[in-house]
Amino acid sequence: IWPRHIRDQFFSGGACWRVGAPWALSPAMMSLPGRTILRVAVRAPRTPALQVQLGRAGFASVSPALQKKVDGFRRDIETHLPKDGKQVVFATAWLATDNVFVALMRDHFPSVLSGMHLVAIDTMHLFPETLVCARHVQEKYGKQALWKMPQGVSTREEFEAKYGDCEDMDTADFDFVSKVEPFQRALQECQKDILITGRRMDQAAQRITLDVWEDGKRTLNPMASFSWGDIIAYADAHGVPVNRGHNFAYRCDAPIEATKRHLPDLPWKTVDLGKPFWQASEAELKGSPPAAVTYVFKSFGDTHTTVPVEPHESERAGRFVRQAKTECGIHTRTTSAGAPHGGALVDLLVKDPAAAKALVASTVKTIELNERQACDVFCLVNGAFSPLTGFMDETAYNAVVTGMRLPEKQLFGLPVTLDFESVDGLKEGDKVLLRWAGKDVAVLEASSIYRPNKVVEAKEVYGTSSLEHPTVHSLIAEQGQYYVGGRVHGISSPEFKYPVQTPTEVRGTLPEGRDVVAFQNRNPIHRAHFELLKCAQRDVKDSTLLVHPTCGPTQPGDIDGVVRIDTYEALRKETEQEYPMFRWAYLPYSMKMAGPREAIQHMIIRKNYGATHFIIGRDMAGTKSTVTGDDFYGAYDAQETGKKHSAELGVTVTHYENMVYVGEDGYVEESEAKKQGKKVVKLSGTEFRRRLRGGEEIPEWFA
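These numbers were taken from a predicted model, which means no experiment stands behind them.

**Details of the overall build of the protein**
Per the secondary structure count, the protein includes 23 helices and 26 strands. The proportion of buried residues among the 703 residues of the protein is 54%. Of the contacts formed within the protein by residues at least 6 apart in sequence, a portion of 69% connects residues at least 24 apart. With an accessible surface of roughly 31200 Å², the protein has 50% of that area assigned to carbon and sulfur atoms.

So, in structure tokens, the structure goes:
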């Protein structure tokens, strides 16, 4: 019953004990009728405190401190999981923590384990030892996993033929194809309600505040309080299968960069210790003569992104090498229709008045926001920009500008930055008070102060550095030359001259279980728009139509936001009886006219507002040269970009042609009008604005 490494240390035949360095042994004998129990407290420099009990009945237990965590685990499972385990999914990578979870469930909640789903993803790039470990766990605990693979492949060769070599693929593409998409298929098949992870707080800095229960995500992290020492102690005491790759030591004469440790033919000696490295002494690890550096595998992911580390380093230190991210896409990018981007709706408003007052008092500088900046603050503090928790720091900014992704590889269309003309007297760590319309609205923790390369930003984000693009002109000629990034604490939600709604407020109006089709527009609504809305709501069966125009600043020459919203309000009142399935809400967002990339930004925002579908029309978020009048983007570039990323975002793109007026037959799609040879009656946006400003009549068919 005892783990071999403990048995070998203490027993040398019968009742002969081996006592001495590095072990400190304290036996205490107790006699009970029919049995003898020996309680032994074991302490070694390389092994966490471990207490085992041995009796003729044959069982092992753990230290009081670890037992307290096991008790907490049991309470968490009883509190959050259904007794039959239905619609519960545990995502396993067959790591030591994952396997201990399965062992705990088999020991304490066998019926829950039997009813729940154990989901495993074979990326086609796993270590062979991982697959062996998976077989052992499934056999020992009598729980078969639901395995998923990348779409349409079953071997490494088929993967490379369809998707390419992993070394040549974009890391975000590999992540999505090999993990996120298969996992989303599994969740759908399991009809997932609750997701369980094996994440722990001691694994990395970004997990240090990991909650056991994440209500917004309906995610349970029952191993959150366990440490690496707890995991290996429990695994040793209970014979939990672990990856045989833990048995190897890699001895070398000098350190090797982590980014090179995946390469073949490295100058190290590979030694099979015959047991997991944590059971070996320092001398066993280093060998004779002692190696200058010894590496071991503490975790296992894909072969090309996982490397051995020094024994004292974190498990995560060896994961995702050569990549900016530190989390598997299963945790950061898995999504479902209607779920917020990143899994949970961000809420940055400080609820405690005393805490808000203290934050304001701690600021060293005050900034009066313009309307563009105030719109960004609204979207940040209320979760429209989820998963962002503040203005982007330099790392996140560069990642989004050049790759349209956050450092953890979540898709994000445009950078969200706060520009300053001068940062004199401001240093990293300072707090800045943000004010709008005479009110304190937020406090910014200035964690990153940097001077961006705006030419690069313009070329990457807008596809041009030409000042003929109205937003590029504003970026270069009007906005501040410095950006300050950091977490934002909401003091009060910014208010505007028009009514606005938060994601939480809008979600509260949406019927449960129905698809939500969102419509975005920066212009006053006219008849063709409304005909399109009716088509969209009809085409997506039993759906709710969310009319969600932007009402913040746009480009020069556009109609004022207050006037634009008046047109929507007039139409809402006129049609609410006939179209009760429509919902109307207004978004304070400053249009960037960034074409395809802005379409992605709008999809993310509407996803956070609860949308499952998003309408992308012709030339969405497009603009023309202020000199030549030429378009900067193709008519359908935004649609194609939206469709490309639709599955990853969990938002279906619904796209329609322009609706045109053909006289007595009313409105039809433009291609249908051409097909039937119908004469199209048009009123351009330019002519429409001219008539408005001149007080001229607007045709009934248009308005």
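**Observations concerning the nonpolar core**
In terms of nonpolar packing, the biggest core is built from 106 residues, with F385, F391, M392, F412, L434 and L533 touching the most fellow members. Looking at which element gives the most residues to this core, the answer is helix α12 (residues 371–381), with 7 residues. Among residues more than four places away in sequence, those in contact with F391 are D376, V377, L380, V416, T417, L418, L434, L444, V484, G485, G486 and V488. Counting 47 residues, the second largest nonpolar core, distinct from the first, contains V100, Y141, A235 and A237.

**Looking at the environment of G617**
Examined against the element boundaries, G617 turns out to sit in the loop between β23 (613–616) and α20 (637–644). Residues G617 and H655 lie 38 residues apart in sequence; the distance between their C-alpha atoms is 5.8 Å. Not counting residues up to four positions away in its chain, the partners in contact with G617 are Q639 and Y656.

**Regarding the packing of helix α2 (residues 64–80) against helix α3 (residues 96–108)**
Viewed as axis vectors pointing N to C, α2 and α3 meet at an angle of 75°, and their least axial separation amounts to 11 Å. Looking at the two axes, α2 sits roughly perpendicular to α3. Residues V70, F73, R74 and I77 of α2 pack against F101, L104, M105 and H108 of α3. Considered class by class, the residues forming the contact of α2 with α3 number 6 nonpolar, 1 polar and 1 charged.

**Notes on the sheet that holds strand β8 (residues 213–214)**
Hydrogen bonds between backbone groups are what pair the strands of a sheet, and the pairing can be parallel or antiparallel. Strand order in the open sheet made by the 6 strands is β6-β5-β4-β7-β9-β8, with mixed pairing throughout. Two strands lie at the open edges of the sheet, namely β6 (146–148) and β8, each paired on one side alone. Sheet topology places strand β5 (residues 117–121) next to β6; 3 bridges connect them, and they run parallel. Within β6, the position partnered with A120 by the bridge is W147. This element, helix α7 (residues 171–190), spans β4 (88–92), β5, β6 and β7 (194–196) of the sheet and lies at about 160° to β5.

**A short note on unusual backbone geometry**
The omega angle of the peptide bond from S288 to P289 is -5°, so this bond is cis rather than trans. Among the secondary structure elements, P289 is positioned in the loop between α9 (282–286) and β12 (293–296). With an omega of 15°, the peptide bond between S386 and P387 qualifies as cis. Take P387: it is sitting in the loop between α12 and β14 (390–391). In this model, M404 sits at a positive phi of 60°, which is unusual for a non-glycine residue. For M404, the position within the fold is in the loop between α13 (394–403) and β15 (419–420). Note on M404: relative accessible area 11%, which makes it buried. The residue D619 is not glycine, and still its phi comes out positive at about 55°. Note on placement: D619 falls in the loop between β23 and α20.

**As for the pattern of salt bridges**
Applying the stated criterion across every chain yields a total of 30 salt bridges. Taking the shortest distance from any N to any O, the salt bridge between D430 and K427 comes out at 3.1 Å. Classification of K427 as exposed rests on a relative accessible area of 53%. The network of salt bridges with shared partners includes E687, R690, R691 and E696.

**Details of the environment of G513**
Positionally, G513 belongs in the loop between α16 (503–507) and β20 (516–519). Once the C-alpha coordinates of G513 and G338 are considered, the two residues, 175 residues apart in sequence, prove to be 9.5 Å apart.

**With respect to the sheet that holds strand β24 (residues 652–655)**
Reading across the sheet, the 5 strands line up as β22-β21-β20-β23-β24 and stay open at both edges, with parallel pairing between neighbours. Each having just a single partner strand, β22 (582–584) and β24 make up the two edges of the open sheet. Between one strand and the next, the sheet's axes are offset by a mean angle of 30°, whatever the strand orientation. Summarising the sheet, strand β21 (residues 544–547) and β22 pair through 3 bridges and their orientation is parallel. Across the sheet, residue V547 finds its bridge partner in β22, namely W584. Sitting on the sheet, helix α19 (residues 596–608) is in contact with β20, β23 and β24, with an inclination near 150° to β23.

**Description of α20**
Among all positions of α20, only A638, Q639, T641 and G642 are buried. What you see down the axis of α20 is that its buried residues fit within an arc of 165°, all on one side. Buried residues along α20 sit against α19, β23, α21 (646–649) and β24.

**Quick word on the packing of α19 against α20**
The contact between α19 and α20 brings their axes to 8 Å, and the two run at 50°. What the angle tells us is that α19 and α20 run oblique. Crossing angle aside, the handedness with which α19 passes α20 is right-handed. Residues P596, A599, I600 and M603 of α19 lie in contact with α20, whose contacting residues are D637, A638, T641 and G642. Here the contact of α19 with α20 is built from residues that sort into 5 nonpolar, 2 polar and 1 charged.

**Here's the deal with the pairing of β21**
Here β21 shows two buried faces, one formed by T544 and L546 and the other by L545 and V547. Looking at chain direction, β20 and β21 are connected through 4 bridges and run parallel. Following the sheet pairing, V517 is matched in β21 by L545. Taking the sense of rotation as the criterion, the β-α-β connection linking β21, helix α18 (residues 561–575) and β22 turns out right-handed.

**Let's talk about the environment of P353**
Tracing the backbone through its elements, the reader meets P353 in helix α11 (residues 353–361). What makes P353 exposed here is its relative accessible area of 65%.

**Description of the packing of aromatic side chains**
Under the criterion given, the structure shown has 30 aromatic pairs. Judged by centre distance (4.9 Å) and plane angle (50°), the ring pair of Y250 and W268 falls under tilted. Residue Y250 is found in strand β10 (residues 248–252), and its partner W268 is found in strand β11 (residues 268–272); the two are separated by 18 residues along the sequence. W268 shares its class with Y250; the two are buried.

**Comments concerning the side chain of R564**
Position of R564 relative to the elements: it lies in helix α18. By relative accessible area, which is 1% here, R564 ends up buried. In this structure the side chain of R564 is engaged in a polar contact, spanning 2.8 Å, whose partner is the backbone oxygen of R522.

Reading the values: rules and limits
- Residues numbered from 1 in each chain as written.
- Predicted model: local features only at pLDDT ≥ 70, side-chain atom pairs only at ≥ 80, totals over all residues.
- Heavy atoms only, no water.
- Helix = DSSP H or I, 4+ residues; strand = E, 2+ residues; numbered from the N terminus.
- Buried < 20%, exposed > 50% of the residue type's maximum accessible area, 1.4 Å probe, protein only.
- Contact = heavy atoms within 4.5 Å.
- Areas by Shrake-Rupley, 256 points an atom, 1.4 Å probe, with all protein chains shown as cover.
- Core = buried A, V, L, I, M, F, W, Y, C linked by side-chain atoms within 4.5 Å.
- Axes fitted to C-alpha atoms, helices over the stretch in contact; angles between N-to-C directions.
- Parallel < 35°, antiparallel > 145°, perpendicular 65-115°, else oblique.
- Nonpolar A, V, L, I, M, F, W, Y, C, P; charged D, E, K, R; others polar.
- Pairing = 2+ DSSP bridges.
- Salt bridge = Lys/Arg side-chain N within 4 Å of Asp/Glu carboxyl O.
- Arc of directions from axis to C-beta.
- Left-handed = near helix turned anticlockwise from the far one by under 90°.
- Right-handed = clockwise from strand over helix to strand, strands pointing away.
- Phe/Tyr/Trp six-rings, centres within 6.5 Å; stacked < 30°, edge-to-face > 60°.
- Polar contact = N/O pair within 3.5 Å; in protein donor to acceptor, adjacent residues only side chain to side chain.

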